[in-house]
Amino acid sequence: MAFALFPFFRLVHAGYVMAREGVFGLAHLPDLPPAPRIAIRMARLLERRSVRDKAADLRLSDALNRLGPSYVKLGQFLATRADVVGKEAAEELSALQDRLPPFKHEEAVAAIEEQLERRLNQAYVEFGEAIAAASIAQVHPAVIETRDGERQKVAVKVLRPGVARRFKQDLDSFYMVARLAERFLPAARRLRPVAIVDTLARSVALEMDFRLEAAALSEMHENTRNDPGFRVPQVDWLRSSKGILTMEWIAGRKLSDVTGLAQDGQDLKSLGDNVIQSFLRHTLRDGFFHADMHQGNLFAEADGTLVAVDFGITGRLSVLERRFLAEILYGFIIRNYRRVAEVHFEAGYVPADQDVDVFAQAIRAIGEPIHGQDASEISMARLLTQLFEVTELFEMRTQPQLIMLQKTMVVVEGVARTLNPHLDMWRTADPVVREWIEQHLGPAGRLRDLGAGANAIGRLATDLPLFVDRIGRMSEELERMTHKGLRFDPETAEAIGKAEARHTRSGRVALWVIAVSAAAVAWTVVF
Ligand SMILES: Nc1ncnc2c1ncn2[C@@H]1O[C@H](COP(=O)(O)OP(=O)(O)OP(=O)(O)O)[C@@H](O)[C@H]1O
């Protein structure tokens, strides 16, 4: 019995800590029914005096850090779910600083010896104090001796001892709240709280297994081995396990230190371009991207090479998802808001009983203001954010990978703009767009793309000969349109619109191909 009540006691404790840190003071009381309103007023009596002057995000962040790793992860996870916690809370949670005190050096050594099954000095010739500590792990500098007898500096990421057990216990409490909410709060049922906790449980389980992070590093290394100016640290598989990750030490400067970068003589503008272009290549070309690309996880080496660390969270986009996004952005460019609305229905993301015209009207409200702006002022991250806010109103089923992309886009664009406040997304994206066009529409890419297209659009399979016939012309069309860089302006809209109309007459497949291809171009330009 006492055991069964354990999650309940943990929740009471969590409520107490939140009350002390002033989290309940952030609730907007007039929106709440009487019972919770009274409960919150009572909880606020426990508030520490010193928290009254604290900013909202700091109160939340301090409370979650005090409650430990599981709550920090829950906070970070809910930051990506504005549909659940509301836009403001999601923004506050996005600013959550993951700062936990480091655990003891001896504990790190014990974990390494147990997991690598050898003495510390057999694995590393030197092993230093932790240089960074976060909710799940901390990182130590160390030195290894390679097979050739050379000394090489490495970074050793050690999982926080007991974090898996602690997380499991806290999950029991989260499940308890989710089940109660699903049972007694009809409004919460639609958000499927139990499924949310399931997703959190899965994603943290993956993040706590460093073999997966090592595999992500290795996959990214393979994908980017020929890319200019971008790399990831090499994994030392012999000194890695589920809770230990040993990798090459990165000696560069973090992108968070903009003053330092300028003093180093770095070209901040080209560094900003590099951030955007690298992210676009990973997303568009590989469909595999770093989903936690904040400035603390990016380093610039002396020659301007960008190095990304911390691959605990990554995102994947299928060919179809990439094309879905492409079509949407294409629709925005040519101001065909009805088409933007339709693709949501065609993809099955929005329930069929929603009204496509009203949906198109809501999308127009996002698109029209953009057409009046200068290209350098348009934030694609913001466009996507607004779009997803609208789609929520039309009960679009949550697409976790797309939301992850949009959230990462916000961060990536923010990092690039910190380095170069005058960043022009369009110009920056242009070379990556070209590369993508060549790969998908050039001679080498045609056959492969045809295969992917055939799988993806089975409904059009019978029209494939037509598809083959048209694709060459489309390639030229796109090349012409993007020759001077695709622009988000009336001229471009008109040019693509005309091309679309011409090909509509020539058949549906041609239209589809132009739409998707141009949209893909547009999408890449934008990102
Ligand atoms: N290969 C490396 N070389 C040098 N420093 C590194 C390396 N890997 C990680 N670090 C340092 O350790 C810090 C924490 O690493 P990492 O981000 O992987 O851990 P984390 O526990 O996932 O932290 P968080 O999620 O808060 O970013 C990094 O911000 C960086 O300062």
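Fair warning: this is a prediction, and the values are worked out from it, not measured in the lab.

Quick notes on the overall build of the protein
Within the protein one finds 24 helices and 11 strands. In the protein, buried positions account for 38% of the 527 residues.

Quick word on the domain arrangement of the protein
Its domain assignment divides the protein into domain 1 (6-98), domain 2 (100-193 + 202-249), domain 3 (319-419) and domain 4 (425-526). Elements supplying a minimum of two residues to the side of domain 1 that touches domain 2: α1 (6-20), α4 (69-78) and α5 (82-85). Class assignment of the residues belonging to the side of domain 1 that touches domain 2 gives a composition of 9 nonpolar, 3 polar and 4 charged.

Overview of the sheet that holds strand β9 (residues 298-300)
What the 4 strands build is an open sheet, ordered β5-β10-β9-β7; its pairing is mixed. Here the strands that pair on one side only, and so sit at the sheet edges, are β5 (230-231) and β7 (253-254). Alignment of β9 against strand β10 (residues 306-308), held across 3 bridges, turns out to be antiparallel. From the neighbouring strand, Ala-300 faces β10, where its bridge partner is Leu-306. Here helix α14 (residues 268-286) sits on the sheet in contact with β5, β9 and β10, set at roughly 45° to β10.

Details of the site of the ligand
Every one of the 17 residues lining the ligand counts as a neighbour, but Ala-132, Ala-134, Val-139, Ala-155 and Asp-310 are closest to it. Going through the elements one at a time, β3 (137-145) and β4 (151-159) are the ones with two or more residues in the shell around the ligand. Here the residues of the shell around the ligand are counted per class, giving 11 nonpolar, 3 polar and 3 charged.

Here we look at unusual backbone geometry
Note: most peptide bonds trans; most residues except glycine with negative phi. Of note in this structure, Glu-117 is not a glycine but carries a positive phi near 55°. Looking at where Glu-117 falls in the secondary structure, it is placed in the loop between α7 (105-116) and α8 (120-123).

Details of the packing of α14 against helix α19 (residues 400-419)
Remark: α14 packs on α19, axes separated minimally by 7 Å, with the N-to-C direction vectors making an angle of 165°. Taken as axis vectors, α14 and α19 run roughly antiparallel relative to one another. Considering the relative orientation of α14 and α19, their crossing is left-handed. Contacts between α14 and α19 involve Leu-268, Leu-271, Gly-272, Val-275, Ile-276, Phe-279 and Thr-283 from the first element and Leu-405, Val-412, Val-415, Ala-416 and Leu-419 from the second. Residues of the contact of α14 with α19, tallied by class, amount to 10 nonpolar, 2 polar and no charged.

Considerations on the packing of α4 against helix α9 (residues 163-184)
Pairs of packed helices are described in terms of their axes, by the angle between the two and the distance that separates them. Interhelical geometry of α4 versus α9 gives an angle of 60° and a closest axis separation of 8 Å. When the axes of α4 and α9 are compared, the pair comes out oblique. Note on element contacts: α9 touches α4 through Val-163, Arg-166, Phe-167, Asp-170 and Phe-174, opposite Pro-69, Ser-70, Tyr-71 and Leu-74. A breakdown of the residues in the contact of α4 with α9 according to their chemical character gives 6 nonpolar, 1 polar and 2 charged.

Observations concerning helix α6 (residues 87-94)
Because each turn of an α-helix spans 3.6 residues, side chains separated by three or four positions in sequence point in the same direction. All of the buried residues along α6 are Ala-89, Glu-92 and Leu-93. The buried residues of α6 all sit within an arc of 100° when viewed along its axis, so they share a single face.

Notes on α14
Taking 1.5 Å per residue, 19 residues should reach 27 Å; α14 reaches 26 Å between its end C-alpha atoms and fits that length. Within α14, 14 of the 19 residues are buried, leaving the element largely enclosed by the surrounding structure. Of the residues trailing α14, Gly-287 is marked for its positive phi of about 65°.

Let's talk about the pairing of β3
In this structure, strand β1 (residues 126-127) lies alongside β3, joined through 2 bridges in antiparallel fashion. Bridged to Phe-127 within β3 is Ala-142. Looking at chain direction, strand β2 (residues 132-133) and β3 are connected through 2 bridges and run antiparallel. Residue Ala-132 lies in a different strand from β3, and its bridge partner there is Val-139. Count of turn residues in the β2/β3 antiparallel hairpin: 3 residues. Relative to β4, β3 runs antiparallel, the two sharing 9 bridges. Its bridge partner being in β4, Gln-138 is matched across the sheet by Val-158. Counting the residues in the hairpin turn of β3 and β4 gives 5 residues, including Gly-149, whose phi is positive at 85°.

Description of the environment of Asp-227
Of note, Asp-227 is situated in the loop between α12 (210-224) and β5. Its 16 C-beta neighbours within 10 Å are what place Asp-227 among the partly exposed residues. Each C-alpha atom, one on Asp-227 and one on Thr-199, is 33 Å from the other, the two residues being 28 residues apart in sequence.

Digging into the confidence of the model for the protein
Interpreting fine coordinate detail is not advised for predicted regions of low pLDDT. The share of residues in the protein with pLDDT of 70 or more is 76%, and the mean pLDDT across the chain is 78. The low-confidence segment residues 445-489 (pLDDT under 50) makes 57 contacts with residues lying over four places distant or belonging to another chain. Every residue in residues 500-527 scores below 50 in pLDDT, and together they form 74 contacts with partners more than four places removed in sequence or on other chains. Both scores are given for the predicted complex: the pTM is 0.75, the ipTM 0.95.

What counts, and at which threshold
Along each chain, the written sequence defines residue order, and numbers are assigned to residues from 1. Side-chain atom pairs in this predicted model are given and counted only at pLDDT of 80 or more, local residue features only at pLDDT of at least 70, and totals for whole chains, interfaces and linings cover all residues. By the criteria applied, helices consist of DSSP H or I runs no shorter than four residues and strands consist of E runs no shorter than two, each listed in order from the N terminus. Any residue with 12 or fewer other C-beta atoms within 10 Å of its own C-beta is exposed, any with 20 or more is buried, and the rest are partly exposed; the C-beta atoms used are placed from the backbone. Note that the domain bounds were set by an automatic or database domain assignment. Throughout, the ten residues Ala, Val, Leu, Ile, Met, Phe, Trp, Tyr, Cys and Pro are labelled nonpolar, Asp, Glu, Lys and Arg are labelled charged, and all others, Gly among them, are labelled polar. For two strands to count as paired, DSSP must find a minimum of two bridges between them. Once C-beta atoms are placed from the backbone, any two residues with those atoms within 7 Å are in contact. The convention used is that axes are lines fitted to C-alpha atoms, helices contributing only their stretch in contact, and that angles between N-to-C directions extend from 0 to 180 degrees. By convention here, the C-beta atom is placed from the backbone, and a residue is near a molecule or strand when that atom is within 6 Å of it. Here roughly perpendicular refers to angles of 65 to 115 degrees, roughly parallel to angles under 35, roughly antiparallel to angles over 145, and oblique to all remaining angles. Left-handed describes a crossing in which the near helix is turned anticlockwise from the far one by less than a right angle; the clockwise case is right-handed. What the arc covers is the set of directions going from the helix axis to the C-beta atoms. Helix span, as expected, comes to 1.5 Å for every residue beyond the first. For every residue, the predictor assigns a confidence score, pLDDT, that lies between 0 and 100.

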